[in-house]
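Each chain is listed here by its residues.
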Amino acid sequence: MKRPKKILSPVVIMMLFVVAVLLLLGSSINGTRAALTYYSDTYTSRIQMYDIGVTLLENNEPVSWRNYNSAGNGTWDEEKGVLLERMLSEGEELKLGKVYPEELKIRNTGTVNQYARVSIYKYWLDAEGRKDQELSPDLIDLHFTNLDSDWIEDESARTKERTVLYYNKLLYAEGEGASETSLFADTLTIDDNIAKKVTQETKKEGNYTTITTTYDYDGVTFQIEVQVDAVQEHNAEDAAWSAWGKRVMVQDGTLRLRE
């Protein structure tokens, strides 16, 4: 369903923020609907933005988008979807160690050429909704693909939870050239090593000893957040610095990160 248009200052960045959540409970994993939220008007710039738009595709289907209109007055239309909605069949439970298709890429749905960036966050929450520092984000295996060839990782921005990727090719407006990126992710797996993370409590009462084993993932959730943003081709180096706080170099349509 389309959302009401909103007016903001001229910007050169647009952002989609997708949160994928699956609940781990007891010794099984149950899928839940993922929340999807948009963030924008984060950065402002003197560079006027016209007709910029971007869509996040999941398994070749649009999952969310934001498109600014042709009036150049900072209004946009947006659509909210659900990430991972079709990953599990009805009644199916997520299985540890199983590889699920999760193909993610970006499409230019505006009318100007642009460069794109994606930030991916992975982490765990405990039953109270607080970040679980004991479970490693590495157990959430969103497999990245086309690194170095099409996508460049900003290693200076890397943390245990965050990966930031830049698409090194120009995304053309529809009808002018390639308007979609290659995939930046292709599969999702929850590492079955999480099942080996247990806590044991031993109690001795008289001649009897009771050992209670509890899975460390009981009651926790894993979260994947995908944030997509883009800047226009015109004055791209200045736009990237203003919007992303990152120095880039663009030569013959190819974007590179400066040291």
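Residues numbered from 1 in each chain as written. Predicted model: local features only at pLDDT ≥ 70, side-chain atom pairs only at ≥ 80, totals over all residues. Heavy atoms only, no water.

(A) The pattern of salt bridges, seen in detail. For the structure shown, the criterion picks out 11 salt bridges. Ionic pairing is found between Arg130 and Asp126, a salt bridge with its closest N-O pair at 3.2 Å. Note that Lys246 and Asp154 form a salt bridge whose closest N and O atoms lie 3.3 Å from each other. Highlighted residues: Lys246 in the loop between helix H1 (236-244) and strand S16 (248-251) and Asp154 in the loop between strand S10 (151-153) and strand S11 (162-167), separated in sequence by 92 residues. Take Lys246: its relative accessible area is 14%, and that puts it in the buried class. The network of salt bridges with shared partners includes Lys105, Arg107 and Glu180. (Salt bridge = Lys/Arg side-chain N within 4 Å of Asp/Glu carboxyl O. Helix = DSSP H or I, 4+ residues; strand = E, 2+ residues; numbered from the N terminus. Buried < 20%, exposed > 50% of the residue type's maximum accessible area, 1.4 Å probe, protein only.)

(B) The arrangement of the packing of aromatic side chains in detail. Scanning the model with the defined rule gives 4 aromatic pairs in all. When the ring of Trp124 is compared with that of Phe222, the centres are 5.9 Å apart and the planes differ by 70°; the resulting orientation is edge-to-face. Linking Trp124 in strand S8 (residues 114-125) with Phe222 in strand S15 (residues 221-232), this pair joins segments that are 98 residues apart in sequence. An identical accessibility class is assigned to Trp124 and Phe222; each is buried. (Phe/Tyr/Trp six-rings, centres within 6.5 Å; stacked < 30°, edge-to-face > 60°.)

(C) View of the nonpolar core. Residues Ile106, Val118, Trp124 and Phe184 are the most contacted members of the largest nonpolar core, which totals 35 residues. Listing elements by their share of this core, those giving two or more residues are strand S4 (53-58), strand S7 (100-108), S8, strand S9 (140-144), S11, strand S12 (185-190) and S15. Grouped together as the second largest cluster of nonpolar side chains are 15 residues, Ala239, Ala240, Leu255 and Leu257 included. (Core = buried A, V, L, I, M, F, W, Y, C linked by side-chain atoms within 4.5 Å.)

(D) Molecular detail of H1. Those residues of H1 not exposed but buried are Ala236, Ala239, Ala240, Ala243 and Trp244. Down the axis, H1 shows its buried residues gathered within 100° of arc, on one side only. Immediately beyond the C-terminal end of H1, within one or two residues, lies Gly245, with a positive phi of roughly 70°. (Arc of directions from axis to C-beta.)

(E) Quick peek at the environment of Lys169. Of note, Lys169 is situated in the loop between S11 and S12. Sequence separation of Lys169 and Asp150 is 19 residues, and the distance between their C-alpha atoms is 7.0 Å. When residues no more than four places from it in sequence are discounted, the contact partners of Lys169 are Tyr115, Ser149, Asp150 and Gly253. (Contact = heavy atoms within 4.5 Å.)

(F) Summary view of the pairing of S15. Here S15 lies mainly inside the structure; 12 of its 12 residues are buried. What you see with S15 is no split at all: Thr221, Gln223, Glu225, Gln227, Asp229 and Val231 on one side and Phe222, Ile224, Val226, Val228, Ala230 and Gln232 on the other are buried throughout.

(G) Structural view of the confidence of the model for the protein chain. The share of residues in the protein chain with pLDDT of 70 or more is 72%, and the mean pLDDT across the chain is 76. For the protein chain, strand S3 (residues 36-38) is the element with the lowest average pLDDT, namely 34, and S10 is the one with the highest, namely 97. Low pLDDT, under 50, characterises residues 1-15; the stretch is placed with 64 contacts to residues that sit more than four places away or in other chains. Note on residues 23-48: pLDDT under 50 across the span, and 90 contacts to partners over four residues away in sequence or across chains. (pLDDT = per-residue confidence, 0-100.)

(H) Fine view of the sheet that holds S4. Ordered in space as S6-S5-S4-S7-S12-S9, the 6 strands form an open sheet in which the pairing is antiparallel. In this open sheet, the two strands that pair with only one neighbour each are strand S6 (76-79) and S9. Recorded for the sheet is a direction-independent mean angle of 20° between the axes of neighbouring strands. Across 3 bridges, S7 lies against S12 in antiparallel orientation. Bridge pairing in S12 places Leu104 opposite Ala185. (Pairing = 2+ DSSP bridges. Axes fitted to C-alpha atoms, helices over the stretch in contact; angles between N-to-C directions.)

(I) Highlighting unusual backbone geometry. If you check the backbone angles, Asp148 has positive phi at about 75° while not being a glycine. Here Asp148 lies in the loop between S9 and S10. Judged by its relative accessible area of 72%, Asp148 falls in the exposed class. A positive phi angle, near 55°, is found at Asn235, a position not held by glycine. Under the relative-accessibility criterion, Asn235 is labelled partly exposed at 38%.

(J) How the structure looks around the environment of Val228. One can find Val228 in strand S15. Judged by relative accessible area, Val228 falls into the buried class, the value being 0%. Separated by 122 residues in the primary sequence, Val228 and Ile106 have C-alpha atoms spaced 8.1 Å apart.

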